[in-house]
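Next come the chains, spelled out residue by residue.
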Amino acid sequence: MHSVRKRRSNASHRTQQISTPSGLKENVLQKKRQWFHFDLWFCLTLQNWVLDFGRPIVMIILPLEWFPLNKPSAGDYFHMAYNVITPFLMLKLIERSPSALPRSTVYLSIITFVMGASIHLVGDSINHRLILSGYQLHLSVRENPIIKDLKPASLIDSFELLYYYDEQLGHLMWYIPFFIILFIYFTGCFTEVQEQKKMPVSGWLLLGPSALYYWYLVTEGQITELFLLTFLAMVAMVIYQQCKGLSPDSNGLFLFCSFSVTVLLVALWVGYLWNDPVLRNKYPGLIYVPEPWSYYTLHIKNDD
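Residues numbered from 1 in each chain as written. Predicted model: local features only at pLDDT ≥ 70, side-chain atom pairs only at ≥ 80, totals over all residues. Heavy atoms only, no water.

- For the protein chain, the name recorded in an unreviewed UniProt entry is CLN6 transmembrane ER protein a, with Seriola lalandi dorsalis as its organism.

## Side note on the packing of aromatic side chains
And then number 1: Under the defined criterion, the tally for this structure stands at 27 aromatic pairs.
And then number 2: Considering the side-chain rings of tryptophan 269 and tyrosine 295, the 5.7 Å spacing of their centres and the 75° angle between planes classify their relative orientation as edge-to-face. One end of the pair, tryptophan 269, is in helix α9 (residues 250–272); the other, tyrosine 295, is in helix α11 (residues 292–300), with 26 residues separating them in the sequence. Here tryptophan 269 matches tyrosine 295 in class, with each residue buried.
And then number 3: Geometry around tryptophan 274 places arginine 280 over its ring, the cationic atom sitting 4.1 Å from the centre.
And then number 4: When the ring centre of tyrosine 288 is taken as reference, the NZ or CZ atom of arginine 280 above it lies at 4.1 Å. (Phe/Tyr/Trp six-rings, centres within 6.5 Å; stacked < 30°, edge-to-face > 60°. Helix = DSSP H or I, 4+ residues; strand = E, 2+ residues; numbered from the N terminus. Buried < 20%, exposed > 50% of the residue type's maximum accessible area, 1.4 Å probe, protein only. Lys NZ or Arg CZ within 6 Å of the ring centre and 35° of its normal.)

## As for the UniProt feature "transmembrane region" (unreviewed entry) in the protein chain
And then number 1: UniProt records the feature "transmembrane region" (unreviewed entry) at residues 40–62, 77–94, 106–123, 172–189, 201–217, 223–240 and 252–274, using the numbering of this structure.
And then number 2: Structurally, residues 172–189 comprises 89% helix and 0% strand, and the distance from its first C-alpha atom to its last is 26 Å.
And then number 3: Helix makes up 91% of residues 252–274 and strand 0%. Its end C-alpha atoms lie 33 Å apart. (UniProt positions renumbered as here; feature names shortened; annotations may be inferred.)

## Focus: the confidence of the model for the protein chain
And then number 1: On average, residues of the protein chain carry a pLDDT of 84, and 87% of them reach 70 or more.
And then number 2: Here residues 4–9 scores under 50 on pLDDT; set against residues more than four positions off or in separate chains, the count is zero contacts.
And then number 3: In the model, residues 11–33 has pLDDT below 50 throughout and makes eight contacts with residues more than four positions away in sequence or in other chains. (pLDDT = per-residue confidence, 0-100. Contact = heavy atoms within 4.5 Å.)

## Concerning helix α7 (residues 201–221)
And then number 1: With 21 residues, α7 should cover 30 Å at 1.5 Å per step; its first-to-last C-alpha distance of 30 Å lies within 8% of that length.
And then number 2: Its maximal kink placed at leucine 207, α7 deviates by approximately 35°, while the proline proline 209 follows within four residues.
And then number 3: Just beyond α7, the residue with positive phi is glutamine 222, at close to 55°. (Expected span 1.5 Å × (residues − 1). Bend = angle between axes of the 7 residues up to and from the residue.)

## A word on the packing of helix α2 (residues 38–61) against helix α3 (residues 74–95)
And then number 1: Contact geometry of α2 with α3 gives a least axis separation of 9 Å together with a crossing angle of 165°. One finds that α2 runs roughly antiparallel with respect to α3. By crossing handedness, the relation of α2 to α3 is classed as left-handed.
And then number 2: Considering only residue class, the contact of α2 with α3 consists of 15 nonpolar, six polar and three charged. (Axes fitted to C-alpha atoms, helices over the stretch in contact; angles between N-to-C directions. Parallel < 35°, antiparallel > 145°, perpendicular 65-115°, else oblique. Left-handed = near helix turned anticlockwise from the far one by under 90°. Nonpolar A, V, L, I, M, F, W, Y, C, P; charged D, E, K, R; others polar.)

## Quick look at α11
And then number 1: Taken together, the buried positions of α11 are occupied by Pro292, Trp293, Ser294, Tyr295, Thr297 and Leu298.
And then number 2: Buried positions along α11 lie against α2, α7, α9 and α10 (277–282).

## Observations regarding the pattern of salt bridges
And then number 1: Enumeration according to the criterion identifies six salt bridges in this entry.
And then number 2: Of the charged contacts in the structure, one is a salt bridge between aspartate 39 and arginine 96, with a shortest N-O distance of 2.8 Å. A residue pair is termed long-range when its members are at least 10 positions apart, and aspartate 39 in helix α2 and arginine 96 in the loop between α3 and α4 (103–132) qualify at 57 residues.
And then number 3: Classification of aspartate 39 by relative accessible area gives partly exposed; the value is 37%.
And then number 4: In this structure, aspartate 52 and arginine 55 form a salt bridge, with 2.9 Å as the shortest nitrogen-oxygen distance. Of the two residues, aspartate 52 and arginine 55 both sit in helix α2, three residues apart, roughly one turn of that helix.
And then number 5: It is possible to trace a salt-bridge network through shared partners that takes in Asp52, Arg55 and Asp124. (Salt bridge = Lys/Arg side-chain N within 4 Å of Asp/Glu carboxyl O.)

## Overview of the nonpolar core
And then number 1: Counting residues in hydrophobic clusters, the biggest one holds 59 residues, and the most contacted among them are Trp41, Phe179, Leu255 and Phe259.
And then number 2: Elements with a contribution of two residues or more to this core: α2, α3, α4, α6 (154–187), α7, α8 (224–243), α9 and α11.
And then number 3: Here this core gets nine residues from one element, more than from any other, and that element is α6.
And then number 4: Each of domain 1 (36–188) and domain 2 (197–291) contributes no fewer than three residues to this core.
And then number 5: Setting aside residues up to four positions removed in sequence, tryptophan 41 forms contacts with Phe36, Leu93, Tyr185, Leu206, Asn251, Phe254 and Leu255.
And then number 6: In this structure, Tyr135, Val141, Ile147 and Ile156 belong to the second largest nonpolar core, which totals five residues. (Core = buried A, V, L, I, M, F, W, Y, C linked by side-chain atoms within 4.5 Å. Domains from an automatic or database assignment.)

So this is what it looks like as structure tokens:
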């Protein structure tokens, strides 16, 4: 009888040795996946500011002699780095989602994102060289002084095609998958645990730079409708999940607050330039949201 009890005790001890470490490891991994991902949000915000917003600035600051007009510029190399780093960070963000997400949709979105950003790389590179030659962003292609006198006139059609690839097709193939991925990730950021609903101080400090970048993305990319649709879908998801007793965790709260502040910034931007006649002519239509670089060439560069 004593030997039977001893065998049972040894078997129970071996079971604890086998199961306990793996169980602890799984709990630790689950906690890491659900806690605030400051490293990813910080890297994503930093590289957005440096590699996306900083592209045209570095082209203006660095001497033209360093990067001849027939060679890639510093901004082009920034864009190349952005096209690699951003999809990598977004895939890592999806990996840390506490919920299972549709992988096929994520993969197709990442592939389309890279293709659209690459199309934009070529168009934007040529577009900024035109700016150095006197091209004015607040005017349409045919109204620009350096374009309208081109001979033969069919060259103007080629520049309009370039503008279409740069500002329309490239932006759509770039930004639609970008917001799809963020929304897919957001759908998995809901929990019942109260501790996971609190955003840390690091998240609140990162909120301003993140929202300000999204403002630049929305205004310069001319994707106001796409952004508003994504934001309304996020609001609808929050209402739907709250009916089930769930609320956004710290990562979902950070993303939702960033978009909320972005809406406010876009509204202030539009209100500030509401009565600008030149920009009104450049951006007709129901939704009037001027581009920051058009404002720069109209009101800042011309005053220098």
